[in-house]
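Inside the fold
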Amino acid sequence: MAGTVPVRITVNGEARESEVEPRLLLVHYLRDVLGLTGTHVGCDTTNCGACTVHLDGEAVKSCTVLAVQAHGAEVTTIEGLAPGPDELHPLQEAFWADHALQCGYCTPGMIMAAADLLKRTPHPTEEEVRHGLEGNLCRCTGYQNIVKAVLDAAEAGAEGRVETPPVAQPAAADAIGGGVGA
Ligand code: FES
Ligand code: FES
C-alpha cells in the first residue's frame with residue numbers, strides 16, 4: 001500500500017504483521033488495527049497513562065510511541081496480562097477485591113504500570129506505589145483503593161507473574177481492566 005511501511009510486532013505472545021502509516025501511534029495500532037481496545041486513550045498528550053502497555057517488558061505510554069518504533073519488539077497489553085482465559089492476574093484480582101476502580105477507564109493503564117512497578121520493586125512501600133503510579137491519572141477513585149490493591153497484589157506474589165503469557169486475549173481479563181470504556 002502506498003505510503004505505508006511493514007511492521008512486525010509480537011503482541012501478547014503472538015507475532016503480528018501489518019502495513020501501517022509511519023505516523024500511526026502504537027495505541028491506535030493496538031486498538032484500531034489489532035482490535036485490542038483494552039488499551040485506552042485518555043488524553044493523547046502523555047498525561048493520563050490510560051494507554052500504558054509494556055514494550056519489551058517496560059511500561060510505556062503507547063500514545064507517545066509510533067507503531068514503527070515497536071517494530072521487532074514485544075508488546076503486552078492488558079488483554080495479555082492474565083495467565084489464562086479463566087484466571088486473572090493477581091493485580092486484576094486485587095483491583096476487583098479492593099474496589100480499586102469505578103468507571104474503569106484508567107484501570108488497564110493503572111494495572112500495566114503497577115505490573116511494571118512490581119517487577120522492578122516486588123515489595124514496595126505505599127510511598128513507592130504512589131510514586132510509581134504518578135504518571136497515571138484516575139478521575140474517580142481518589143487513589144486510596146488503587147494503592148491498597150497494588151500493595152495487596154505485591155503481598156500475593158504478583159511480581160513473579162508479570163511476563164508476557166503465550167496466549168492472548170483471555171476473556172476473564174477483559175472483565176477487569178480490559179473491556180471497560182473501550
Ligand atoms: Fe496516552 Fe493519556 S492517552 S497518556
Ligand atoms: Fe474512573 Fe479511574 S476509575 S478514571
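Quick summary incoming for the structure in this document.

Reading guide: rules and limits
Residues numbered from 1 in each chain as written. Chains lettered and ligands numbered in written order. Predicted model: local features only at pLDDT ≥ 70, side-chain atom pairs only at ≥ 80, totals over all residues. Heavy atoms only, no water. Buried < 20%, exposed > 50% of the residue type's maximum accessible area, 1.4 Å probe, protein only. Helix = DSSP H or I, 4+ residues; strand = E, 2+ residues; numbered from the N terminus. Pairing = 2+ DSSP bridges. Contact = heavy atoms within 4.5 Å. Polar contact = N/O pair within 3.5 Å; in protein donor to acceptor, adjacent residues only side chain to side chain. 1 Å grid on protein atoms, 1.4 Å probe; cavity = no way out; pocket = protein on both sides within 12 Å on 5 of 7 lines; lining within 4 Å. Points joined across faces, edges and corners; volume = space filled by probe spheres on them. Nonpolar A, V, L, I, M, F, W, Y, C, P; charged D, E, K, R; others polar. Domains from an automatic or database assignment. Core = buried A, V, L, I, M, F, W, Y, C linked by side-chain atoms within 4.5 Å. Salt bridge = Lys/Arg side-chain N within 4 Å of Asp/Glu carboxyl O.

Here strand E3 (residues 52-55) shows no split at all, with Thr52 and His54 on one side and Val53 and Leu55 on the other all buried. When E3 meets strand E4 (residues 58-61), the two strands line up antiparallel, connected through 4 bridges. If you follow Leu55 over to E4, its bridge partner there is Glu58. Hairpin geometry of E3 and E4 is characterised by an intervening segment of 2 residues between the two adjacent antiparallel strands and by a positive phi of about 50° at Asp56. With 2 bridges joining them, E3 and strand E5 (residues 74-76) adopt antiparallel strand pairing. Residue pairing in the sheet places Leu55 in a bridge with Val75 of E5.

We now examine the environment of Val5. Looking at the secondary structure, you find Val5 in strand E1 (residues 5-11). The spacing of Val5 and Val20 is 15 residues in sequence and 5.4 Å in space, taken between C-alpha atoms. Discounting residues that sit within four places of it in the chain, Val5 has contacts with Ser18, Glu19, Val20, Pro22 and Val68.

Attention now moves to the side chain of Asp116. Tracing the chain through its elements places Asp116 in helix H3 (residues 107-120). Judged by relative accessible area, which is 7%, Asp116 ranks as buried. Within the structure, the side chain of Asp116 is placed 3.5 Å from the backbone nitrogen of Ala59, a separation counted as a polar contact. Excluding its chain neighbours within four sequence positions, the residues that come into contact with Asp116 are His54, Gly57, Glu58 and Ala59.

Our next topic: the layout of surface pockets. Roughly 220 Å³ of internal volume is contained in the largest pocket. Taken together, Gly42, Cys43, Asn47, Cys48, Ala50, Cys103, Tyr105, Cys106, Leu137, Cys138, Arg139 and Cys140 make up the lining of the largest pocket. In terms of residue class, the lining of the largest pocket is built from 9 nonpolar, 2 polar and 1 charged. Each of domain 1 (5-80) and domain 2 (90-162) accounts for three or more of the residues forming the lining of the largest pocket. Space inside the second largest pocket adds up to approximately 190 Å³. In this structure, the second largest pocket is lined by 14 residues; those nearest its centre are Ala113, Arg120, His131, Gly132 and Asn136.

Core analysis: the biggest nonpolar cluster contains 25 residues, and Leu91, Phe95, Met110, Leu118, Leu133, Ile146 and Val150 have the highest contact counts within it. Only helix H2 (90-97), H3 and helix H5 (144-155) provide two or more residues apiece to this core. The dominant element in this core, judged by the number of residues it contributes, is H3, at 8 residues. Beyond its immediate sequence surroundings of up to four residues, Met110 is in contact with Phe95, Leu133, Asn136, Leu137, Cys138, Tyr143 and Ile146. Of all hydrophobic cores here, the second largest spans 17 residues; its members include Ile9, Val11, Leu36 and Ala70.

We now examine the pattern of salt bridges. All told, the structure shown has 5 salt bridges when counted by the stated rule. Note that Asp98 is salt-bridged to Lys148, the shortest N-O span being 3.3 Å. Taken together, the residues Asp98 in the loop between H2 and H3 and Lys148 in helix H5 connect sequence positions 50 residues apart.

Next up on the list: the side chain of His54. With respect to the element layout, His54 can be found in strand E3. Residue classification places His54 among the buried residues on the basis of a relative accessible area of 2%. Separated by 2.7 Å, the side chain of His54 and the backbone oxygen of Met112 make a polar contact. Excluding anything up to four places from it in sequence, His54 contacts Ala59, Glu74, Val75, Thr76, Met112, Ala115 and Asp116.

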